[in-house]
Amino acid sequence: MAKVENITIPRGSLLAEFGPAEAYRDCFQCEVPGQVSLTQFIERFYCSVAFRPERIVLGLIGKGANNSDVQELASGAADSFAAWKVIERRDDEILLQDFRGTTASWLSVKPHDKTTTLLFGSWVGQPDRGIVKTLMPFHRWYSRVLLGGVT
């Protein structure tokens, strides 16, 4: 598993520009060998073993999705996936918001000569709500696991 680091949200990114300034945002990155496109990153992320438990829970609440759904999202043929809808997409990043409008997930790729930096971030609209605040340490740990599970 690649080393996952917590970093500052890139200026000008979809995540940095989304929602009110007081909302919670985080960003994690890892460097992987080779060239990885956004399409490949989306597929690896949502089809990873690390994401599988979340897909099971989503299925139990009626928001399930299969690998074909992931491929449609990754290719741009779908504007939603499981519990999320695409807010905006660029060549190197995608921002998805959950069906309740309370959280968002962001994926981005930054290719280099022989490696690619993969970025994963979150937005939480009401970070001071009791349960949300309590779950933040778990959220940050889980974000690292999810991103590390892509490699």
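This report concerns the structure included in the present document. Given the structure is predicted, the values throughout are model-derived calculations rather than measurements. (Residues numbered from 1 in each chain as written. Predicted model: local features only at pLDDT ≥ 70, side-chain atom pairs only at ≥ 80, totals over all residues. Heavy atoms only, no water.)

### As for the overall build of the chain
A count of helical and extended segments in the chain gives five helices and seven strands. Moving toward the C terminus, one meets the helices and strands of the chain in the order β-α-β-α-α-α-β-β-β-β-β-α. For a compact globule of 151 residues, the expected C-alpha radius of gyration is about 15 Å, and the chain comes in at 15 Å, within 12% of that figure. Based on the C-alpha atoms only, the size of the chain along its principal axes is roughly 45 × 35 × 25 Å. Put simply, 58% of the contacts in the chain that link residues at least 6 apart link residues at least 24 apart. (Helix = DSSP H or I, 4+ residues; strand = E, 2+ residues; numbered from the N terminus. Rg over C-alpha atoms; globule rule 2.2 N^0.38 Å. Contact = heavy atoms within 4.5 Å.)

### Overview of the nonpolar core
Among the nonpolar cores identified, the biggest contains 30 residues, and Phe41, Phe45, Tyr46, Phe51, Leu107 and Leu118 are the most heavily contacted of them. Going through the elements one at a time, strand 2 (24–33), helix 2 (38–46), helix 4 (67–75), strand 5 (93–98), strand 6 (103–111), strand 7 (115–124) and helix 5 (130–148) are the ones with two or more residues in this core. A per-element tally of this core places helix 2 first, with five residues. Residue contacts for phenylalanine 41: discarding those within four places in its chain leaves Val36, Leu107, Ser108, Val109, Leu118, Leu119, Leu147 and Val150. Within the second largest apolar cluster, ten residues are counted, among which are Leu14, Phe18, Ala23 and Leu119. (Core = buried A, V, L, I, M, F, W, Y, C linked by side-chain atoms within 4.5 Å. Buried < 20%, exposed > 50% of the residue type's maximum accessible area, 1.4 Å probe, protein only.)

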